[in-house]
Amino acid sequence: TKITHHGKRADDIVKGMLIHSRSSKGQKEHSDINAIALEYFRLSYHGLRAKDKSFNAIMKTEFDESLATPEGKISIIPQEIGRVLLNLFNNAFYSVTEKNKLLHEDQLQGAPEPAYQPTVFLSTQRVKDSSGAFKIEIRVRDNGMGISRQVIDKIFLPFFTTKPSGQGTGLGLSLSYDIITKGHQGEMKVETKVGEFTEFIITLPVG
């Protein structure tokens, strides 16, 4: 059992390293970022539900409808952006699930029942940067565990993970960061407060 477990983990790490080192062959296409984001949001949720029937969370969206028009579409590699968003959604759902488990354990030990609703929020918006250029902003926010100050500076480093052994390779956020910053000349940052929320903010150029 242990050989199988560690063999699978090694396999995941090697695959992640190959993806990291391989330059993307995908072609940029004018795409509806709202449709792509919503598709992967649902894919993440239903994928986790298929693995664990007890999993549940509230999904909230707020889309800039102008981005769904022909003029609002942006030039991206859809599969690459989808991979980034899927990783962020999976992490967000994981965080709210872990927080829910902790609160449930506290309740079992006699603490009052918390009015906690695991929630992941997705939004898109057309914004102007400091130079006046238009950008597309995608935000993925959860009301989960938050990220500590000791961890925040390391989350985009390869192989860094806070998940238990076998549940993460530590390559997801590193790969996502490279796709956004190197593959799409965008920006990716995070805002968080321990015990309250985490919000990843992706900014992509319109052109």
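Let me sum up the structure you'll find in this document. For every chain, the first residue of its written sequence is number 1, and the numbers climb from 1 along that sequence. In view of the model being predicted, local features appear only for residues whose pLDDT reaches at least 70, and side-chain atom pairs are presented and counted only at 80 or more, with totals across whole chains, interfaces and linings using the full set of residues. Processing note: side-chain calculations cover all non-hydrogen atoms of the structure and skip hydrogens and water entirely.

As a further point, take the packing of aromatic side chains. In this analysis, rings of Phe, Tyr and Trp, with Trp reduced to its six-membered ring, are considered paired at centre separations within 6.5 Å, and the interplanar angle assigns stacked below 30 degrees, edge-to-face beyond 60, and tilted for intermediate values. Applying the stated criterion across every chain yields a total of 5 aromatic pairs. Where Phe41 meets Phe93, the ring centres are 5.9 Å apart and the plane angle is 15 degrees; that geometry is what we call stacked. Note that Phe41 is positioned in helix α2 (residues 33-51) and Phe93 in helix α3 (residues 78-108), a separation of 52 residues in sequence. Whether a residue is buried, partly exposed or exposed follows from its accessible area with a 1.4 Å probe, protein chains only, as a fraction of its type maximum: under 20%, in between, or over 50%, in that order. On the basis of relative accessibility, which here comes to 0%, the residue Phe41 falls in the buried class. Phe93 sits in the buried class, given a relative accessible area of 0%. The structure contains a cluster of three or more aromatic residues connected by ring pairs, namely Phe41, Tyr45, Phe55, Phe89 and Phe93. Over a ring means this: the NZ of a Lys or the CZ of an Arg is within 6 Å of the ring centre and within 35 degrees of the ring normal. A cation over a ring is seen here: Arg126 above Phe134, with NZ or CZ 4.2 Å from the ring centre. Over the aromatic face of Phe197 sits the side chain of Arg141, whose NZ or CZ is 4.0 Å from the ring centroid. Runs of E in the DSSP output that reach at least two residues are strands. Runs of H or I that reach at least four are helices, and both are numbered from the N terminus.

It is worth spelling out the environment of Gln117 at this point. Considering the arrangement of structural elements, one finds Gln117 in the loop between α3 and β4 (119-128). Judged by relative accessible area, Gln117 falls into the exposed class, the value being 52%. Distance in space between the C-alpha atoms of Gln117 and Asn100 is 8.1 Å, their sequence separation being 17 residues. Any two residues whose heavy atoms approach within 4.5 Å at even a single point are treated as in contact. Setting aside anything within four residues of it in sequence, one finds Gln117 in contact with Ile58 and Asn143.

Another aspect to go through is the side chain of Lys135. Relative to the helices and strands, Lys135 is located in strand β5 (residues 134-142). With near-sequence residues (within four places) excluded, Lys135 lies in contact with Gln125, Arg126, Val127, Asp129, Thr203, Leu204, Pro205 and Val206.

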